[in-house]
Amino acid sequence: MKFFIDTADLAEIRDLAATGLVDGVTTNPSLVLKSGGRFVDLVAEICKAVPGPVSAEVAATDFATMLKEGQRLAAIASNVVVKVPLTADGLKTCKALADQGTPVNVTLCFSAAQALLAAKAGAAYISPFVGRLDDIGTEGMDLIADIVQIYANYPSIQTEVLVASVRNPMHVVQAAKLGADVCTLPPSVLRQLFNHPLTDKGLQQFVADWAKTGQSILD
Ligand code: E4P
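Presented here is a report on the structure given in the accompanying data block. (Residues numbered from 1 in each chain as written. Predicted model: local features only at pLDDT ≥ 70, side-chain atom pairs only at ≥ 80, totals over all residues. Heavy atoms only, no water.)

1. Thoughts on the environment of Phe-3
Note the cut-off: We count a stretch as a helix when DSSP gives it H or I for four or more residues in a row; a strand needs E for two or more, and each element gets its number in order from the N terminus. Any two residues having at least one pair of non-hydrogen atoms within 4.5 Å are treated as being in contact.
Along the chain, Phe-3 falls in strand E1 (residues 2-6). Residues within four places of Phe-3 in sequence aside, it is in contact with Leu-21, Val-22, Asp-23, Gly-24, Val-172, Cys-183, Leu-185, Leu-190 and Leu-193.

In structure tokens:
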């Protein structure tokens, strides 16, 4: 499973990209607001920091303007993926951009029926939001299971399932068990994945015992 990071914070992106574990980046208008800066410049910098796919979302909601914005964003760098909302106009934009060879991430997906439409519109990625479904008392991961199963029924579907609105490491593990293609993680969740108290405890013991040997591997 590929790991994208879900942030527009350039310092975080550079820091986590240095781990070699980041395959791409997703942003959205709320994340851009939080990070500040001019959006198109920010996208250009993120694209330099991470060679993988970088999702940049259109701001308009009508087809004509979304298409123009999408073309503008796609021209920033070859690894830009244009993000559009799962609306009728959004899917029309998706189809038009996909036909021009631009990869599109369809966002704000909350049902399997919507995911089917996005695949038909030629989306490179579908972004179902698991955390926001959990927040309203439904099981977000059930949606991932449904979409993975449906897409697997049709080998012609090339759309990748990008699990979004991830809130904790269990979401990541569950998404991987279901065979989702990508998980986009807030930086805090990616950092949490490294941690286990038994790792810390075990390492502490090994370091202490090694010191007692009085040896150096590098001597
Ligand atoms: C990713 O593409 C989404 O914009 C993001 O994961 C949304 O997450 P949130 O529900 O925590 O805002």
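Picking up after the structure, the text goes on.
2. Details of the packing of aromatic side chains
Using the following cut-off: Between rings of Phe, Tyr and Trp, where Trp is taken as its six-membered ring, a pair exists when centres lie within 6.5 Å; planes separated by under 30 degrees are stacked, by over 60 edge-to-face, and by other angles tilted. To sort residues, take the accessible area from a 1.4 Å probe on protein chains only and compare it with the maximum for the residue type: under 20% means buried, over 50% means exposed, and anything in between is partly exposed. Geometrically, a charge over a ring is one whose NZ (Lys) or CZ (Arg) sits within 6 Å of the ring centre while staying within 35 degrees of the ring normal.
In total, this model carries two aromatic pairs according to the counting rule given. Arranged with centres 5.9 Å apart and planes meeting at 70°, the rings of Phe-4 and Tyr-125 form a pair that is edge-to-face. Taken together, the positions of Phe-4 in strand E1 and Tyr-125 in strand E6 (residues 125-128) put the pair 121 residues apart, joining distant regions of the chain. When its relative accessible area of 1% is taken as the criterion, Phe-4 is described as buried. Residue Tyr-125 is classed as buried on the basis of its relative accessible area, which comes to 8%. A cation over a ring is seen here: Lys-92 above Phe-63, with NZ or CZ 4.4 Å from the ring centre.

3. With respect to the environment of Gly-24
Looking at the secondary structure, you find Gly-24 in strand E2 (residues 24-26). Judged by relative accessible area, which is 0%, Gly-24 ranks as buried. When the C-alpha atoms of Gly-24 and Glu-160 are compared, they prove to be 13 Å apart, with 136 residues separating the residues in sequence. With near-sequence residues (within four places) excluded, Gly-24 lies in contact with Phe-3, Phe-4, Ile-5, Val-50, Gly-52 and Pro-53.

4. So, the packing of helix H4 (residues 63-74) against helix H5 (residues 88-99)
The condition is simple: In this analysis, axes come from line fits to C-alpha atoms, helices being fitted only over the stretch in contact, and the angle between any two N-to-C directions falls in the range 0 to 180 degrees. Any angle from 65 to 115 degrees is called roughly perpendicular, while one under 35 is roughly parallel, one over 145 is roughly antiparallel, and all others are oblique. The sense of a crossing depends on the near helix, which, turned anticlockwise from the far helix by less than a right angle, makes the crossing left-handed and, turned clockwise, makes it right-handed. Any residue outside Ala, Val, Leu, Ile, Met, Phe, Trp, Tyr, Cys, Pro, Asp, Glu, Lys and Arg is labelled polar, Gly included; the first ten of those are nonpolar and the last four are charged.
Interaxial distance between H4 and H5 falls to 9 Å at its minimum, and their mutual angle equals 40°. By the criterion of interaxial angle, the relationship of H4 to H5 is oblique. For the pair H4 and H5, the sense of crossing is right-handed. Contacts between H4 and H5 pair Phe-63, Met-66, Leu-67, Gly-70 and Gln-71 from the former with Asp-89, Gly-90, Lys-92, Thr-93, Ala-96 and Leu-97 from the latter. Here the residues of the contact of H4 with H5 sort into five nonpolar, four polar and two charged.

5. A closer look at the site of the ligand
Condition: When at least one non-hydrogen atom of a residue lies within 4 Å of a molecule or strand, that residue is treated as near it. Two N or O atoms form a polar contact when they lie within 3.5 Å of each other; inside protein one atom must be a possible hydrogen donor and the other a possible acceptor, and for residues adjacent in sequence the pair counts only when both atoms belong to side chains.
Looking at the ligand, the residues that line it are Asp-6, Thr-26, Asn-28, Lys-83, Phe-129, Arg-132, Ala-164, Ser-165, Arg-167 and Thr-184. The contact in question runs from an oxygen atom of the ligand to an N or O atom on the side chain of Asp-6, over 2.6 Å. Grouping the amino acids of the shell around the ligand by side-chain chemistry returns two nonpolar, four polar and four charged.

6. Describing the pairing of strand E5 (residues 104-109)
The side chains of a regular strand alternate, first on one face of the sheet and then on the other. Spelled out, the test is: Two strands make a pair as long as DSSP finds a minimum of two bridges between them. Looking down the strands as they point away from you, a crossover is right-handed if its path from the first strand over the helix to the second goes clockwise.
In terms of residue burial, E5 counts as a mostly covered element, since five of its six residues are buried. Pairing geometry for strand E4 (residues 80-85) and E5, over four bridges, is parallel. Bridged to Lys-83 within E5 is Asn-105. The β-α-β motif built from E4, the intervening H5 and the parallel element E5 has right-handed crossover chirality. Inspection of the sheet shows E5 paired to E6 by three bridges, in the parallel sense. By the bridge assignment, Asn-105 is partnered in E6 with Tyr-125. Between the parallel pair E5 and E6, the chain is carried across by helix H6 (residues 112-120), and the sense of this crossover is right-handed.

7. Structural notes on the side chain of Asn-28
If you trace the backbone, Asn-28 turns up in the loop between E2 and helix H2 (29-35). Only 2.8 Å separates the side chain of Asn-28 from the backbone nitrogen of Leu-31, close enough to count as a polar contact. Apart from the residues within four sequence positions on either side, Asn-28 is in contact with Glu-57 and Lys-83.

8. Describing the side chain of Asp-6
Where we set the bar: Neither His nor the chain termini are counted; the positive set is Lys and Arg, and the negative set is Asp and Glu. Every case where a carboxyl oxygen of Asp or Glu lies within 4 Å of a side-chain nitrogen of Lys or Arg is listed as a salt bridge.
Mapping Asp-6 onto the fold places it in strand E1. Although Asp-6 is buried, it makes no salt bridge; Lys-83 carries the closest opposite charge, 5.1 Å away. Every residue in contact with Asp-6, bar those within four places of it in the chain, is listed here: Thr-26, Leu-31, Thr-184, Leu-185, Pro-186 and Pro-187.

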